[in-house]
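The chain contents come next:
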Amino acid sequence: MNDTDGTERDHPLHSFGQPVRDRRQLLTKALWIGIWLVFLASPVRDLVESERSGVATALGWLGLAAFVACYLSVVFRYTAKVFDWRVVRWSLAALLALAVVLSFAFGTAWLGLFVYVAVSAGAVLPMGQAMWVIPAVTGVMVAVGLRTDSLGDLLGSLAVLTLLVGFAMTGVRQLVRTTVQLRQARATVAQLAANEERLRLARDLHDLLGHSLSLITLKSELAGRMLPDHPDKAAQQVADIEQVSRQALVDVREAVSGYRRRTLAGELAGARTALAAAGVEADVPLDPPAELPGEEGEAALAWALREAVTNVVRHSGARRCTVAFTSRQTLDGPIVELSVEDDGGGGSGAAPGNGLTGLAERLEAVGGVLETSPAGRRGFRLEARVPRGRGAAGDREASALGSST
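Residues numbered from 1 in each chain as written. Predicted model: local features only at pLDDT ≥ 70, side-chain atom pairs only at ≥ 80, totals over all residues. Heavy atoms only, no water.

With respect to the overall build of the protein chain
Phase 1: In terms of regular secondary structure, the protein chain is built from 13 helices and five strands.
Phase 2: Across the 405 residues in the protein chain, those meeting the buried criterion constitute 35%.
Phase 3: Relative to all contacts within the protein chain whose residues are 6 or more apart in sequence, the contacts with residues 24 or more apart total 68%.
Phase 4: Carbon and sulfur atoms make up 59% of the accessible area of the protein chain, which amounts to about 23400 Å² in all. (Helix = DSSP H or I, 4+ residues; strand = E, 2+ residues; numbered from the N terminus. Buried < 20%, exposed > 50% of the residue type's maximum accessible area, 1.4 Å probe, protein only. Contact = heavy atoms within 4.5 Å. Areas by Shrake-Rupley, 256 points an atom, 1.4 Å probe, with all protein chains shown as cover.)

Here you go:
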């Protein structure tokens, strides 16, 4: 349900203009692009109702099918990214040629084909080129319309419509490409963050174990040389080796505990992702509060946030979830309060489950408290409070004050 596990559902804009990967994307693209096919009603009706020879009608259907196939291939493949500009230019030229020939051959009812040429130009061409190609297509349509004795009002309306739809498609193209670029940038940032975390882990392990392992190797070699002639000194070296290895083991355990510690910043990011993936409107702070409790208190609040969001996603059926932090002074001292409120009716608070019971015990271990209550007519509210410590900065100030006195 998050961005890192590869299971998020693609938004239609994310995959528009990209190769189709499944039936859902195919239907989404076909429906979106099919809306524009409404302008084919006039040519189709003209072919069905007009009295023409069988050869002329067959050529009309064949030309219309070729036009639609060319249009769909351009819009389907090249809206998000152009892979081959020669294909794009030849496809646009073919669309314009077919529109001109069919409009000349069959009359005014076919002038709507120029709308598709303008849409295709707006969908695939850069803004600078589309700014003059779309008016040029409109000019060609007006010229062809005058040659086919088109009514002035109808021709003027089609000209305005062609301009508006063509330029509107340039905005859609920009939106699609920006969405794709943002998605790629997000994936790049996630990969860079993972690489940075791996580098940090490698540096920490090197700092923790490099000196200890080097010392163990040196003392082992020294003990080996001392063992035949000076067994007492060799035994001392072995004892030193044991002490260094035990300290290295303690350092590694402390480092691993630090990596496994939950942080509010990480859980806030995970909460936004999980709620968005579940279709829940999320009001979640971007950053944790400035005044945090100690490491244990922050970890307890992080677990509370994770448990609350998990309940919202799995059990509540909520449409909206609000997360808020409050720092205030009480009779027992300063506290930090986390509140998670939803508007669902899943009955999360009907009876405390194992998750809430374990969470209450975790908060009690750091001097905090957990409270749950109904919110509105159907919602649920979870509040977790922990004492606010002075933190590292406060400890340094207190140490400095003590040393100065």
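A short note on the confidence of the model for the protein chain
Phase 1: On average, the protein chain scores 76 in pLDDT, and the residues at 70 or more come to 80%.
Phase 2: In this model residues 1-17 is a low-confidence stretch, pLDDT under 50, and it forms 43 contacts with partners more than four residues away in sequence or in other chains.
Phase 3: With pLDDT under 50 throughout, residues 390-405 is counted as low confidence; its partners more than four residues away or in other chains account for two contacts. (pLDDT = per-residue confidence, 0-100.)

Details of the packing of helix α5 (residues 85-106) against helix α6 (residues 113-124)
Phase 1: One way to put it is that α5 packs onto α6 with a least axis distance of 9 Å and a crossing angle of 165°. One way to sum up the angle between α5 and α6 is to call them roughly antiparallel. Seen along the crossing, α5 lies across α6 with a hand that is left-handed. Counting all contacts with α5, which are made through W85, V88, L92, L95, L96, A99, V100, L102 and S103, the residues of α6 involved are L113, F114, V117, S120, A121 and V124.
Phase 2: Residue composition of the contact of α5 with α6, grouped by class: 13 nonpolar, two polar and no charged. (Axes fitted to C-alpha atoms, helices over the stretch in contact; angles between N-to-C directions. Parallel < 35°, antiparallel > 145°, perpendicular 65-115°, else oblique. Left-handed = near helix turned anticlockwise from the far one by under 90°. Nonpolar A, V, L, I, M, F, W, Y, C, P; charged D, E, K, R; others polar.)

Looking at a nonpolar patch on the surface
Phase 1: A cluster of nonpolar side chains, V44, V48 and W61, forms an exposed patch at the surface whose accessible area comes to about 260 Å².
Phase 2: Assignment of secondary structure puts W61 in helix α4 (residues 54-78). (Patch = residues over 30% accessible without salt bridge, like charges linked within 9 Å, V, L, I, M, F, W, Y side chains within 5 Å. Salt bridge = Lys/Arg side-chain N within 4 Å of Asp/Glu carboxyl O.)

Notes on the pattern of salt bridges
Phase 1: Scanning the entire structure with this criterion turns up eleven salt bridges.
Phase 2: A salt bridge links K219 to D240, with the nearest nitrogen and oxygen atoms 3.3 Å apart. Remark: D240 occurs in helix α9 (residues 231-260) and K219 occurs in helix α8 (residues 152-226); sequence separation between them is 21 residues.
Phase 3: Residue classification places D240 among the buried positions, given a relative accessible area of 19%.
Phase 4: Residue R381 pairs with E383 through a salt bridge whose shortest N-O separation is 2.6 Å.
Phase 5: Taking relative accessible area as the criterion, E383 reaches 13% and is therefore assigned buried.

Section: the pairing of strand β2 (residues 320-330)
Phase 1: Summarising the sheet, strand β1 (residues 281-283) and β2 pair through three bridges and their orientation is parallel. Within the sheet, the bridge partner assigned to A282 lies in β2 and is C321.
Phase 2: Of the pairings in the sheet, the one linking β2 to strand β3 (residues 333-342) comprises ten bridges and is antiparallel in character. Counterpart to A324 in the pairing with β3 is S339.
Phase 3: The turn joining β2 and β3, which pair antiparallel and follow one another in sequence, is formed by two residues. (Pairing = 2+ DSSP bridges.)

Topic: the side chain of T138
Phase 1: One can find T138 in helix α7 (residues 127-147).
Phase 2: The residues touching T138, leaving out its near neighbours within four places in the chain, are A159, T162 and L163.

With respect to the packing of aromatic side chains
Phase 1: Summed over the entire model, instances satisfying the criterion amount to three aromatic pairs.
Phase 2: Ring geometry for F67 versus Y116: centroids 6.1 Å apart, planes at 80°, classification edge-to-face. Here Y116 lies in helix α6 and F67 lies in helix α4, a separation of 49 residues in the sequence.
Phase 3: Exposure remark for F67: the relative accessible area of 1% places this residue in the buried category.
Phase 4: By relative accessible area, Y116 is classed as buried at 1%.
Phase 5: On the numbers, 4.9 Å between centres and 25° between planes, the contact of F106 with W110 is stacked.
Phase 6: These aromatic residues form a ring-pair network of at least three members: F67, Y71 and Y116. (Phe/Tyr/Trp six-rings, centres within 6.5 Å; stacked < 30°, edge-to-face > 60°.)

Remarks on the packing of helix α10 (residues 264-277) against helix α11 (residues 295-316)
Phase 1: Put simply, α10 and α11 touch, their axes get as near as 9 Å, and they point 5° apart. Relative to α11, α10 is oriented roughly parallel. On α11, the residues that touch L264, E267, L268, A271, A274 and L275 of α10 are E298, L301, A302, L305, R306, V309, V312 and V313.
Phase 2: Class assignment for the residues of the contact of α10 with α11 results in eleven nonpolar, no polar and three charged.

Things to note about helix α3 (residues 41-49)
Phase 1: Those residues of α3 that fall on the buried side of the exposure criterion are P43, D46 and L47. Along the axis of α3, the buried positions cluster into a sector of 95°, meaning they face one direction only. Seen from the buried face of α3, the exposed residues on the opposite side, beyond 90 degrees, are V48 and E49. (Arc of directions from axis to C-beta.)

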